[in-house]
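# Remarks on the overall topology
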Amino acid sequence: MPSSANITCLFCKVVAGEVDARLVFEDEISIAFLDHRPVFPGHCLLIPRAHHETLLDLPADLTGPFFQNAQLLARAVESALEADGTFVAMNNRVSQSVPHFHVHVVPRRRKDGLRGFFWPRHKYESESIAESIQAAIRSAVISLAR
């Protein structure tokens, strides 16, 4: 585990490869993976590789590159899933289920039924559906990053 990691942090364990995740993107500063309880299939989490608890803790020199990756991921999710748009959000402490800064990228469709912020979360219907969505987003990331 890198020296900037927190040994009790679930996302630091994902970065270290100690916990499995369905990766859709990675570079030297961040990784993205499918949320295991997505609002909709394709819901991804983008995290910095180094442990920073909230947006307020993210060093200024990482802010620009990290959010460029958030833009890339949002484009890839829209493209891969033919979504009408995305919802991009983060929590800082309140409602932050893992104390490691992360950005949610959720595919949206017109009339998808979401109202406010009290959204139901569901597991993927099957491993093959999750794998298919993972592959589509990974492919879109590669295509759009060129």
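Notes on the structure in this doc start here. Predicted, not measured: the structure shown is a model, and the values here were computed from it.

### Side note on the overall build of the protein
Each helix and strand counted, the protein has 3 helices and 5 strands in total. Along the chain direction, N to C, the helices and strands of the protein fall in the order α-β-β-β-α-β-β-α. Against the compact-globule benchmark of 15 Å for 146 residues, the protein has a radius of gyration of 15 Å, which places it among compact chains. Taken along the three principal axes of its C-alpha coordinates, the protein extends 40 × 35 × 30 Å. Counting over 146 residues, the protein shows a buried share of 42%. Within the protein, contacts between residues separated by at least 24 positions form 62% of all contacts whose residues are at least 6 apart in sequence. Accessible surface for the protein amounts to roughly 8,300 Å². Of this, 52% is attributable to carbon and sulfur atoms. Charge-centre separation for the protein: the mean point of 15 positive side chains lies 6 Å from the mean point of 16 negative side chains.

### Examining helix α3 (residues 127-145)
Here α3 spans 27 Å end to end across 19 residues, near enough to the 27 Å set by a 1.5 Å rise per residue. Those residues of α3 not exposed but buried are A130, I133, Q134, I137, A140 and V141. Along α3, the residues classed as buried sweep out an arc of 130° about the axis, all on the same side. Lining the buried residues of α3 we find β1 (23-26), β2 (30-34), β3 (44-48) and α2 (60-81).

### Some words on the pattern of salt bridges
Tallied over the full model, the rule gives 5 salt bridges. Between R108 and D112 there is a salt bridge; the shortest N-O distance is 2.5 Å. The exposure class assigned to R108 is partly exposed, which follows from its relative accessible area of 22%.

### Comments concerning the side chain of S30
Relative to the helices and strands, S30 resides in strand β2. Among the polar contacts listed, one links the side chain of S30 to the side chain of N69, at a separation of 2.8 Å. Setting aside its immediate chain neighbours within four residues, S30 contacts F25, L46, I47, P48, R49, F66 and N69.

### Brief notes about the packing of aromatic side chains
The description of an aromatic ring pair uses the distance of the two centres, along with the angle that the planes make with each other. Counted by the stated rule, this structure contains 4 aromatic pairs. On the numbers, 5.4 Å between centres and 80° between planes, the contact of F66 with F67 is edge-to-face. A relative accessible area of 26% places F67 in the partly exposed class. Counting every residue linked through ring pairs, the aromatic cluster contains F66, F67 and F101.

### So, the sheet that holds β2
Taking strand neighbours across the sheet as the criterion, the 5 strands line up as β1-β2-β3-β5-β4 in an open arrangement whose pairing is antiparallel. Since the sheet does not close on itself, it has two edges, and those belong to β1 and β4 (85-89), each with one partner. Neighbour-to-neighbour, the strand axes of this sheet turn through a mean angle of 20°, independent of strand direction. Bridging between β1 and β2 involves 3 bridges; their strand directions are antiparallel. Across the sheet, F25 pairs through a bridge with A32, a residue of β2. Packed on one face of the sheet, α2 meets β1, β2, β3, β4 and β5 (103-108) and runs near 160° to β3. Contacts between α3 and the sheet are confined to β1, β2 and β3, with β1 contributing the most and set at about 20° to the helix.

### Re unusual backbone geometry
Its identity as a non-glycine residue notwithstanding, E82 has a phi of 50°, on the positive side. Locating E82 in the fold gives a position in the loop between α2 and β4. For E82, a relative accessible area of 68% corresponds to the exposed category. Unlike most non-glycine residues, K111 shows phi in positive territory, near 60°. Relative to the helices and strands, K111 is located in the loop between β5 and α3. Take K111: its relative accessible area is 86%, and that puts it in the exposed class.

Definitions and cut-offs
- Along each chain, numbering runs from 1 in the same order as the chain's sequence is written.
- For a predicted model such as this one, the threshold for reporting local features is a pLDDT of at least 70, and the threshold for listing and counting side-chain atom pairs is 80 or more; totals across whole chains, interfaces and linings nevertheless cover every residue.
- Only hydrogens and water are set aside; all other atoms, that is, all heavy atoms of the structure, feed into the side-chain values.
- Strands here are runs of E lasting at least two residues and helices are runs of H or I lasting at least four, both read from the DSSP assignment and numbered beginning at the N terminus.
- We compute the radius of gyration from the C-alpha atoms alone; for a globule the expected value is 2.2 Å times N to the 0.38, where N is the number of residues.
- Throughout this description, buried means an accessible area under 20% of the type-specific maximum (1.4 Å probe, protein chains only), exposed means over 50%, and partly exposed covers the range between.
- Contacts between residues were defined by any pair of non-hydrogen atoms, one from each residue, lying within 4.5 Å.
- Shrake-Rupley sampling with a 1.4 Å probe provides the accessible areas, and residues are treated as covered by the protein chains on show and by no other component.
- In this count, Lys and Arg are taken as positive residues and Asp and Glu as negative ones, while His and the chain termini are left out.
- Charged groups are reduced to one reference atom each: NZ for lysine, CZ for arginine, CG for aspartic acid, CD for glutamic acid.
- Take the number of residues in a helix, subtract one, and multiply by 1.5 Å to get its expected span.
- It is the directions from the helix axis to the C-beta atoms whose arc is reported.
- We count a salt bridge whenever a side-chain nitrogen from Lys or Arg sits within 4 Å of a carboxyl oxygen from Asp or Glu.
- As used in this structure description, the phrase polar contact means that two N or O atoms lie within 3.5 Å; if the pair is within protein, one of them must be able to donate a hydrogen and the other to accept it, and residues adjacent in sequence are counted only when both atoms belong to side chains.
- Two rings from Phe, Tyr or Trp (for Trp, the six-membered ring) form a pair when their centres sit within 6.5 Å of each other. Planes less than 30 degrees apart are called stacked, planes more than 60 degrees apart edge-to-face, and all others tilted.
- A pair of strands counts as paired when DSSP detects no fewer than two bridges linking them.
- Fitted lines through C-alpha atoms serve as axes, helices being fitted only where they are in contact, and the angles separating the N-to-C directions of these axes extend from 0 to 180 degrees.

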